[in-house]
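Notes for the structure review
Chain by chain, the residues run as shown.
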Amino acid sequence: MTEDFAAKMARVITEYSTRVQPGDFVVIAGSVVAEPLLDALYRAVLRRGGHPHPLLAPANTREIFFQEANEEQLTFINPVGRMVYETADVRIDIEAPVNPNNLGAIDPARIGQHRAAHSEVIQTMIGRIGDGSLRWCGLSWPSQAAAMQMGIGYQAYREFLYRACNFHLADPVAHWQGVKEEQTRLVELLNGKSEVQVRGPGIDLSFSLAGRTWVHASGELNFPDGEIFTGPVEDSVNGTVAFNMRSIYEGQEVRGVRLTYQDGRIVEASAEKGEAFLLAQLDIDEGARRMGEFAIGTNYGIDQVTGFIGLDEKIGGTIHMAIGASLPDTGGLNQSAVHWDMVHDMRDGGEIIIDGEAVYREGKFLIS
Amino acid sequence: MYEDFAPRLARILTEYSVPIREGELVIIEAPLVAEPLAVALYEAVLRCGAHPVIRTNFDLASNIFMKYATDAQLEYVTPMNEVMIDQMDVRYYIKAATNTKAATNVDPARITTFQKARKHIIERYKERENAGEIRWNICAWPTQAAAQEAEMSLLDYTEFVYKACGLDHEDPVAYWQEFKERQERYIGWLAGKETVEVRGPGIDLSMSVKGRTWINACGDANFPDGEIFTSPVEDSVNGTVEFNYPTNYGGRRIEGVRLVYRDGKVVEASAAKGEDYLLSQLDFDEGSRILGEFAIGTNWGIQQFTGDTLFDEKIGGTVHMAVGRGFHEAGSQNMSAVHWDMVHGMTEGGEIIVDGETMYKNGKFLIDEETTK
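Residues numbered from 1 in each chain as written. Chains lettered and ligands numbered in written order. Predicted model: local features only at pLDDT ≥ 70, side-chain atom pairs only at ≥ 80, totals over all residues. Heavy atoms only, no water.

**What about the overall build of chain B?**
Test applied: Under the DSSP-based scheme used, a helix requires at least four consecutive residues in state H or I and a strand at least two consecutive residues in state E, with every element numbered from the N terminus. Radius of gyration here is computed from C-alpha atoms only, and the compact-globule reference equals 2.2 Å multiplied by the residue count raised to the power 0.38. When accessible area is computed with a 1.4 Å probe and restricted to protein chains, residues below 20% of their type maximum are described as buried, those above 50% as exposed, and intermediate ones as partly exposed. Whether two residues touch is decided by their heavy atoms; if any such pair falls within 4.5 Å, the residues are in contact.
Along the backbone of chain B there are 13 helices and 20 strands. The C-alpha radius of gyration computed for chain B amounts to 21 Å, which stays within 12% of the reference 21 Å derived for 373 residues, consistent with globular compactness. A principal-axis box enclosing the C-alpha atoms of chain B has dimensions of 50 × 50 × 40 Å. Here chain B holds 373 residues, and 51% of them are scored as buried. The long-range share in chain B, meaning contacts at least 24 apart out of those at least 6 apart in sequence, stands at 71%.

**Observations concerning the packing of helix α3 (residues 61–68) of chain A against helix α9 (residues 154–164) of chain B**
Between two packed helices, what matters for the description is the angle formed by their axes and the separation of those axes. For clarity, the cut-off: Axis angles are defined between N-to-C directions and span 0 to 180 degrees, where every axis is a line fitted to C-alpha atoms and, for a helix, only to the segment in contact. The scheme is simple: roughly parallel for angles under 35 degrees, roughly antiparallel for over 145, roughly perpendicular for 65 to 115, oblique for anything else. All amino acids are sorted into three groups, where Ala, Val, Leu, Ile, Met, Phe, Trp, Tyr, Cys and Pro are nonpolar, Asp, Glu, Lys and Arg are charged, and the leftover types, Gly among them, are polar.
Running from amino to carboxyl end, α3(A) crosses α9(B) at an angle of 80°, the nearest separation of the two axes being 9 Å. As the angle between them shows, α3(A) and α9(B) are arranged roughly perpendicular. Residues A:E63, A:I64 and A:Q67 of α3(A) lie in contact with α9(B), whose contacting residues are B:L154, B:L155 and B:D156. Its residues assigned to classes, the contact of α3(A) with α9(B) shows 3 nonpolar, 1 polar and 2 charged.

**Observations concerning the nonpolar core**
Applied cut-off: Here the nonpolar core consists of buried residues drawn from Ala, Val, Leu, Ile, Met, Phe, Trp, Tyr and Cys, with membership extended through side-chain atoms lying within 4.5 Å.
The biggest cluster of nonpolar side chains holds 48 residues, and the ones touching the most others in it are B:L9, B:Y92, B:I94, B:W141, B:Y157 and B:F311. With 7 residues, helix α1 (residues 5–17) of chain B is the largest single contributor of residues to this core. B:I94 has contacts with B:I28, B:E29, B:A30, B:P31, B:A34, B:L37, B:A38, B:L41, B:C139 and B:W141, leaving out every residue within four places of it along the chain. If you look at the next biggest cluster of nonpolar residues, it comprises 45 residues, including A:L37, A:V45, A:C165 and A:I302.

**Considerations on the pattern of salt bridges**
Residues and elements named next belong to chain A. As a reminder of what qualifies: The rule for a salt bridge is simple: a side-chain nitrogen of Lys or Arg has to be within 4 Å of a carboxyl oxygen of Asp or Glu.
Within this structure, the stated rule accounts for 39 salt bridges over all chains. In this structure, the salt-bridge partner of R255 is E253, at a minimum N-O distance of 2.8 Å. R255 sits in the partly exposed class, given a relative accessible area of 39%. The salt bridge partner of R347 is D345, with a shortest N-O separation of 2.9 Å. Judged by relative accessible area, R347 falls into the partly exposed class, the value being 39%. Each of R11, E15 and D171 takes part in a single network of salt bridges with overlapping partners.

**Topic: the interface of chain B and chain A**
The cut-off we apply is this: A simple way to read buried area is as the amount of 1.4 Å-probe accessible surface that goes missing from two parts once joined, with both sides added.
Listed as interface residues are 23 residues of chain B and, on the opposing side, 23 residues of chain A. Taken over both partners, the interface formed by chain B and chain A buries close to 1800 Å², and the fraction arising from carbon and sulfur atoms is 47%. Per-residue buried area on chain B facing chain A is highest for B:Q144, B:Q148 and B:L155; these three make up 34% of the total on that side. A salt bridge links A:E159 to B:K67; its shortest N-O distance comes to 3.1 Å.

**Examining the packing of aromatic side chains**
Rules: Side-chain rings of Phe, Tyr and Trp (the six-membered ring for Trp) are treated as a pair once their centres are within 6.5 Å; stacked means planes under 30 degrees apart, edge-to-face means over 60, and tilted covers the remaining angles.
Scanning all chains against the criterion turns up 31 aromatic pairs over all chains. Between A:F5 and A:F167, the aromatic rings sit 5.7 Å apart at their centres with planes inclined by 85°, giving edge-to-face as the arrangement. In this pair, A:F5 is assigned in helix α1 (residues 5–17) and A:F167 in the loop between α9 (154–164) and α10 (172–190), connecting sequence segments 162 residues apart. Across the pair, A:F167 and A:F5 agree in class, each one buried. With centroids separated by 5.3 Å and ring planes inclined at 45°, the aromatic side chains of B:F160 and B:F311 adopt a geometry described as tilted. Of the two residues, B:F160 is situated in helix α9 and B:F311 in helix α12 (residues 309–312); the sequence distance between them amounts to 151 residues. A residue is classified by how much of its surface remains accessible, and B:F160, at 8% relative accessible area, is buried. When its relative accessible area of 0% is taken as the criterion, B:F311 is described as buried. Through a chain of ring-to-ring contacts, the aromatic side chains of A:F5, A:W141, A:Y162, A:F167, A:W176 and A:F223 assemble into a single cluster.

**Let's talk about the sheet that holds strand β6 (residues 203–208) of chain A**
Pairing between sheet strands relies on hydrogen bonds along the backbone, with the strands arranged either parallel or antiparallel. All names here are of chain A. Worth spelling out the cut-off: Strands pair, by our definition, only if DSSP identifies at least two bridges between them.
Spatially, β14-β13-β10-β6-β5-β18-β19-β20 is the arrangement adopted by the 8 strands of the open sheet, whose pairing is antiparallel. Of all the strands in the sheet, just β14 (265–270) and β20 (364–365) have a single pairing partner and so form its edges. Where strand β18 (residues 351–354) meets strand β19 (residues 357–361), 4 bridges bridge the pair, whose relative direction is antiparallel. Counterpart to I353 in the pairing with β19 is A358. Across the face of the sheet, helix α11 (residues 275–282) comes into contact with β13 (258–262) and β14 while running at roughly 165° to β14.

**Observations regarding the packing of α1(A) against α10(A)**
Residue and element names in this part refer to chain A. As a reminder of what qualifies: It is the rotation of the near helix from the far one that decides the hand of a crossing: anticlockwise by less than a right angle makes it left-handed, clockwise makes it right-handed.
α10 packs onto α1 with a crossing angle of 45° between their chain directions and a minimal axis gap of 9 Å. Our classification of the angle between α1 and α10 gives oblique. With respect to the hand of their crossing, α1 and α10 are arranged in right-handed fashion. Residues K8, R11, V12, E15 and Y16 of α1 form the contact with α10, whose own contacting residues are P172, V173, W176, Q177 and K180. For the contact of α1 with α10, a count of residues per class yields 5 nonpolar, 1 polar and 4 charged.

Below, the structure written as structure tokens:
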């Protein structure tokens, strides 16, 4: 049933997400478990006239690096890696975990030091994505480790992800083009409106979006995808939300999170499980107590909770809100080292009212 | 690191665990991910002058089979299996997971159909095993999935298994021989004793082992290994235990299990997590509320909980008890489809008193001069 998964993924990613052109230098990075997809992407890029360059990551070398590297090695910038970010026209990152615990025993300070040394390279990458000279896409590919983390077998996970990509539809490229058109219309309808109320079981929140922008995520930067997001005016959020879905952040599972906002600041916070971790995150910096993102998940092909935030936040019929840093394109100003997305299911009685008009009810948009 | 893992383990398995004799038919059952050990075992068996045969199972193929096979296909037994059971002398089974949750979405009724059709094969196997015609060993090989279940990286998990197997000792065969002799002394002391009391934080149990045999698990049937076990007299168990380790069974993790025994039967049971599943297993059949096994874990190379019973029940300084099926070789009468081992740490104040004498305290045996030095 999913035999054509790699071929369909390669087609959608090269035709739709990254629009590979003749002459493009295309870097394809993935772990050994993604080999079938690496092959398919390599072939698709060649057929579109691009120059594919595979970067295969062995399963254990990152861990060995962090175990062994001395100070100098830890902050060394690999010139090959730098060149990729400076010159690639397209970079495709395949997310297919081999073992989510691979860096679990590594001192986070060492990982932080390595990351800090690469901030210049990361800025180059973000800048080039921003000005359109680098088309970047991060995609999810099935692996045993991902299946295990969700608590199911490999085939079941593969079928789940196939549906999440909407590859069960006859023409997935046309489907994702349709998603983009529809979401473009949606954000155009919503932009310029300002007073938002979100109501329903477990949620009663209000905030302003004056001067802020809704942005659509339709499978170009992430795949699978499906959400529209914005950044509320920092001091405008009031009310309470008791999240009805679990949340995993930095490897910690937290359940039953309840947050109360007053003039934009979280003034009360509790959780049924993982409360100490939640409170510690809220105290990391001043920005961690503010809502950096409000978003609506629109992918109705995702019908199960996975525990992976990149998929769960896209579930059609849910909304998510991040505590901490806002996202640049939205006009949000909040700064924080934290960006923790928490998902709330709206399918059972939730509604969103904007400038007095109900725009969303029971997990579906009423406007289009 | 640990490039010598497979050849060193193969040496122990063929020299110590199940010594291979010339001309024997030796079946090596291994999943694809265990290729390095399967090949090393193949070479070791061949060098012993025996006939190694590798049977590789592909986990994904097994999953597809359990999902799509018709009842007729589920019930079909390949004649190759029958020939194998009739003729093999030794069976090595390498346990190496590719996904510890793979079976969670298989309909249990289909598993029952599959197992029922193989009943005659299993009986034939047991018959030959009891007659001493088949010797076997189940051993572990580290994989990414097993590491993930243990919440470890593969590199750390590999080191953990290596040490659990005693391969960090210069001569691991000598290490395991000494291990075996030490446990023989424990068992020699226990022979003929009758009453066992287990006390300490979270545990207060008494039972009779009158007429029962203690068995030395020292790397012959399991690898790694390290426990001595028996099956208590079925109606003799009384008291309460609140297990301080989690327990994995049927692909699920259950935590905070509390069992109350009266005259041999579990009369109260609860769990902090997974209680419904615990109760469903206790009600599985007539024998599933009976204590089928009492055992003491003795492998001090294992100090970490992993979620794999093969390791967890052997942790040095723990005891474990299984609800359900008892051991025929220990003298047990209890039959059940369930055999669920649950582990309790004893290093902080636990003690075992046998016929009035404290033989074990804070995780250590007090009865053997060699071990208390």
